[in-house]
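Listed below, chain by chain, are the residues.
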Amino acid sequence: MNKKIYPMLLLTLFTLGSCHNMLDVEPHTFSSGVNYYQNEGQFLRAVNGAYGSLQELYTADYFWPMTEMVADNTNYQFDASDRGAQQREEIDEFLITSTNNYVNNTWNMLYRNIMQANVIIDRIDPVEFSDEAVKARLKGEVQFLRAFQYFHLVRLFGPVPLVVNEVENPEGAFTEGRASVEAVYEQILADVNAAVASLPESHSGADIGRATKGAALTLLGEVHMTLHNFDEAADALEQVVVLGYDLLPNYAHNFDPAFKNNAESVFSIQFDAGLQTESSNFIFMFGPRNAKDELIGFPGNLGGSNIPTPSIYRAYEEGDVRRDASITMFSDASNADFEESKAFDGDIPFIGKYYHPPFLEDGRADENWPVYRYSYVLLMLAEALNETQTGDPYPHINAVRERAGLDPLSGLSQGAFREAVAHEQRVEVAFENHRWYQLLRTGKAVEVMAEHGKEEKERLNRLSSASYNIQPHKLLFPIPAREIRLNGFEQNPGW
């Protein structure tokens with residue numbers, strides 16, 4: 001039988017087993033896969049660990065390049081003296097290969113997180129809890145997390161291995177290949193519908209920030225939007241509308257650590273600068289390379305990635321308060337060394353959403369990452385209603401525009417409204433890891449990115465003629481070469 005290796009899981013199993021009999025010492029207490037997952041407290045800690053792994057996905061430097069920087073909202077600040085992030089830059093320019101480490105790391109991280117979820121889901125049912133509702137809630141949270149990670153995988157890579165059970169031994173680490181896109185979405189929908197049924201509408205105290213019914217319904221709505229099931233999407237999103245969420249009067253407060261987990265927050269990745277292992281780091285990755293001392297107060301360089309483009313800066317309408325809340329300009333004589341400053345009269349833009357000084361320690365910030373905000377729910381609902389022509393989309397889009405200081409829309413044709421809501425989504429959730437998925441979902445990726453590439457090559461002399469050669473097959477990332485080599489997977493067409 002031609003068995004195929006699922007490398008991340010197999011490596012974990014071999015590592016755990018490699019020290020057998022090295023020391024003839026019996027510990028007084030030891031937690032392993034054999035004696036853990038026996039009681040309610042252990043499952044609670046395991047679910048907390050699954051959220052912790054999700055934190056790593058957002059603080060690492062390889063996930064957001066594939067969801068935001070790959071699109072037209074951001075690029076990077078080229079530094080000829082430091083080429084260590086060249087493979088990340090190749091994602092922006094559509095020059096990657098299947099050996100790209102950032103693509104490989106994203107694949108591995110998502111599957112590692114799925115592996116954690118599988119263990120919990122497989123083991124929780126037989127364990128007695130003092131409150132069965134707590135058991136159902138914890139299982140629902142992990143089903144939400146598993147669906148969330150597979151939703152990323154299927155949009156980034158297309159057909160992917162569908163592993164939904166715990167891998168208990170090396171033999172179980174073999175997989176029979178990549179499941180179809182349809183099969184992956186079937187599993188996503190099963191998980192997220194189960195989460196909707198078991199999650200509460202809200203949490204309190206130390207549980208604030210966990211997945212809720214509103215988060216699961218929003219994920220369900222976005223999944224159906226992606227599948228162009230607009231009736232089902234509208235149904236899910238309309239259920240979110242009645243759960244008590246609201247738009248904050250001040251758009252900028254959505255990103256200010258002083259207003260975490262507010263009425264607009266449907267689901268956010270939780271961070272805490274007060275704990276070294278729980279802090280975020282977004283400004284340290286996204287700030288201009290030459291701005292660290294002035295912006296942060298520590299010596300060295302910032303990441304210079306996810307730098308806003310002229311395209312997104314121009315996209316905001318006159319009077320839109322979201323632009324200044326989202327994009328901040330860094331002014332300094334040293335900017336002259338960087339070609340990116342020319343389009344901004346010597347300034348270098350950076351994502352102001354994630355900049356809230358002061359910083360008590362280098363590398364530690366306090367912002368949560370906004371995965372789903374209520375404004376995005378309203379805009380997706382407006383889009384779905386426009387596509388189905390079964391309801392009034394204007395109250396939803398106009399609520400978002402009013403908060404932004406803009407005039408309401410009315411009387412548009414279906415096509416004109418489609419363009420208007422796509423624009424509104426771009427500027428409302430700019431730099432929140434939605435842009436690439438929006439372009440894929442609406443079928444605009446090739447058109448928009450070809451035009452964006454043309455503009456970028458006209459303003460940036462450093463770009464080669466091969467940059468931004470947008471081909472339809474590049475709408476999916478290549479399956480990592482390591483997976484092809486070890487598993488014998490077929491590569492995505494064109495790669």
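Data block above holds the structure.
So, a few notes on the structure that sits alongside this text. (Residues numbered from 1 in each chain as written. Predicted model: local features only at pLDDT ≥ 70, side-chain atom pairs only at ≥ 80, totals over all residues. Heavy atoms only, no water.)

Across the junction of Pro 357 and Pro 358, the peptide omega takes the value 5°, indicating a cis bond. Its place among the elements puts Pro 358 in the loop between β7 (347-351) and β8 (369-373). (Helix = DSSP H or I, 4+ residues; strand = E, 2+ residues; numbered from the N terminus.)

The next thing to look at is the packing of helix α2 (residues 40-59) against helix α6 (residues 132-157). As a packed pair, α2 and α6 sit with axes 11 Å apart at the nearest point and diverge in direction by 25°. Looking at the two axes, α2 sits roughly parallel to α6. In this structure, α2 crosses over α6, and the sense of that crossing is left-handed. Contacts from Glu 40, Phe 43, Leu 44, Val 47, Ala 50, Tyr 51, Leu 54, Leu 57 and Tyr 58 in α2 reach Val 134, Arg 137, Leu 138, Glu 141, Val 142, Leu 145, Phe 148, Gln 149 and His 152 in α6. Split into classes, the residues belonging to the contact of α2 with α6 amount to 13 nonpolar, 2 polar and 3 charged. (Axes fitted to C-alpha atoms, helices over the stretch in contact; angles between N-to-C directions. Parallel < 35°, antiparallel > 145°, perpendicular 65-115°, else oblique. Left-handed = near helix turned anticlockwise from the far one by under 90°. Contact = heavy atoms within 4.5 Å. Nonpolar A, V, L, I, M, F, W, Y, C, P; charged D, E, K, R; others polar.)

With that settled, consider the packing of aromatic side chains. All chains considered together, the criterion is met by 30 aromatic pairs. Note on Tyr 251 and Phe 255: the rings are 5.3 Å apart at their centroids and 70° apart in plane angle, and the pair reads as edge-to-face. The burial state of Tyr 251 is the same as that of Phe 255; both residues are buried. When the centroid spacing of 5.5 Å and the interplanar angle of 85° are considered together, the rings of Phe 350 and Tyr 355 count as edge-to-face. Taken individually, Phe 350 and Tyr 355 each receive the classification buried, so the pair is uniform in this respect. Through a chain of ring-to-ring contacts, the aromatic side chains of Tyr 58, Phe 63, Trp 64, Phe 271, Phe 282, Phe 286, Tyr 354 and Trp 369 assemble into a single cluster. Over the face of the ring belonging to Phe 151 we find Arg 155, whose NZ or CZ atom lies 3.4 Å from the ring centre. Lying over the aromatic face of Tyr 437, Arg 155 brings its terminal NZ or CZ to 3.5 Å of the ring centre. (Phe/Tyr/Trp six-rings, centres within 6.5 Å; stacked < 30°, edge-to-face > 60°. Buried < 20%, exposed > 50% of the residue type's maximum accessible area, 1.4 Å probe, protein only. Lys NZ or Arg CZ within 6 Å of the ring centre and 35° of its normal.)

The buried fraction of helix α15 (residues 394-403) is high, at 7 of 10 residues. Turning to α15, its buried residues number three or more, namely Tyr 394, His 396, Ile 397, Asn 398, Val 400, Arg 401 and Arg 403. For α15, the secondary structure elements touched by its buried residues are α13 (321-326), β8, α14 (374-388) and α16 (414-428).

With that settled, the discussion passes to the pattern of salt bridges. Scanning the entire structure with this criterion turns up 39 salt bridges. Here Glu 93 ties to Arg 462 by a salt bridge, and the two come within 3.7 Å at their closest N and O atoms. Pair noted here: Glu 93 is in helix α4 (residues 86-93) and Arg 462 is in the loop between α18 (445-459) and α19 (481-487), with a separation of 369 residues, a long-range link. For Glu 428, the salt bridge goes to Arg 322, with nearest N and O atoms at 2.8 Å. Taken together, the residues Glu 428 in helix α16 and Arg 322 in helix α13 connect sequence positions 106 residues apart. Because the salt bridges share partners, they merge into one network encompassing Glu 264, Glu 317, Asp 320, Arg 322, Lys 353, Arg 373, Arg 401, Arg 403, Glu 424, Glu 428 and Glu 432. (Salt bridge = Lys/Arg side-chain N within 4 Å of Asp/Glu carboxyl O.)

Note that Thr 212 resides in the loop between α7 (181-198) and α8 (213-226). Residues Thr 212 and Thr 442 lie 230 residues apart in sequence; the distance between their C-alpha atoms is 27 Å. Apart from the residues lying within four places of it in its own chain, the contact partners of Thr 212 are Leu 199, Pro 200, Glu 201, Ser 202, His 203, Tyr 245 and Val 266.

This part is about a negative patch on the surface. A cluster of like negative charges, contributed by Asp 231, Glu 232, Asp 235 and Glu 238, occupies part of the molecular surface. Relative to the assigned elements, Glu 238 resides in helix α9 (residues 230-241). (Patch = residues over 30% accessible without salt bridge, like charges linked within 9 Å, V, L, I, M, F, W, Y side chains within 5 Å. Areas by Shrake-Rupley, 256 points an atom, 1.4 Å probe, with all protein chains shown as cover. Lys, Arg positive; Asp, Glu negative; His and termini not counted. Charge placed at Lys NZ, Arg CZ, Asp CG, Glu CD.)

Here we come to the side chain of Glu 93. Under the relative-accessibility criterion, Glu 93 is labelled buried at 7%. Non-local contacts of Glu 93, meaning those with residues more than four positions away in its chain, are made with Tyr 76, Arg 462, Leu 463, Ser 467 and Tyr 468.

The next subject is the nonpolar core. Core analysis: the largest hydrophobic core is formed by 126 residues, its most contacted members being Tyr 58, Phe 144, Phe 157, Phe 267, Trp 436 and Phe 477. Those residues in contact with Tyr 58 that sit more than four places away from it in its chain are Phe 63, Trp 64, Phe 148, His 152, Ile 269, Phe 271, Phe 282, Met 285, Trp 369, Val 371 and Asn 433. With 11 residues, the next largest nonpolar core counts Ala 291, Ile 296, Leu 302 and Phe 350 among its residues. (Core = buried A, V, L, I, M, F, W, Y, C linked by side-chain atoms within 4.5 Å.)

Once that is clear, we can look at the pairing of β7. Summarising burial for β7: 5 of the 5 residues are buried, a large majority. Here β7 shows two buried faces, one formed by Asp 347, Pro 349 and Ile 351 and the other by Ile 348 and Phe 350. With 5 bridges connecting them, strand β6 (residues 327-331) and β7 associate as antiparallel partners. Across the sheet, residue Ser 331 finds its bridge partner in β7, namely Asp 347. (Pairing = 2+ DSSP bridges.)

What follows covers α9. With 12 residues, α9 should cover 16 Å at 1.5 Å per step; its first-to-last C-alpha distance of 16 Å lies within 8% of that length. Phe 230, Ala 233, Ala 234, Ala 236, Leu 237 and Val 240 are the residues of α9 that are buried. All buried residues of α9 fall inside an arc of 170° around its axis, so they share one side. On its buried face, α9 is in contact with α8 and α14. (Expected span 1.5 Å × (residues − 1). Arc of directions from axis to C-beta.)

Bringing the packing of α6 against α7 into the picture now. Viewed as axis vectors pointing N to C, α6 and α7 meet at an angle of 150°, and their least axial separation amounts to 8 Å. When the interaxial angle is binned, α6 and α7 end up roughly antiparallel. In the packing of α6 onto α7, the handedness of the crossing is left-handed. Listed contacts from α7 to Ala 136, Arg 137, Gly 140, Gln 143, Phe 144, Arg 146, Ala 147, Tyr 150, Phe 151, Val 154 and Arg 155 of α6 are Val 181, Val 184, Tyr 185, Gln 187, Ile 188, Asp 191, Val 192, Ala 194, Ala 195 and Ser 198.

Our focus in this paragraph is the pairing of β8. With 5 of 5 residues buried, β8 lies mostly within the body of the structure. The sheet contact formed by strand β4 (residues 265-269) and β8 spans 4 bridges and is antiparallel. Paired with Ser 265 across the two strands is Arg 373, which belongs to β8.

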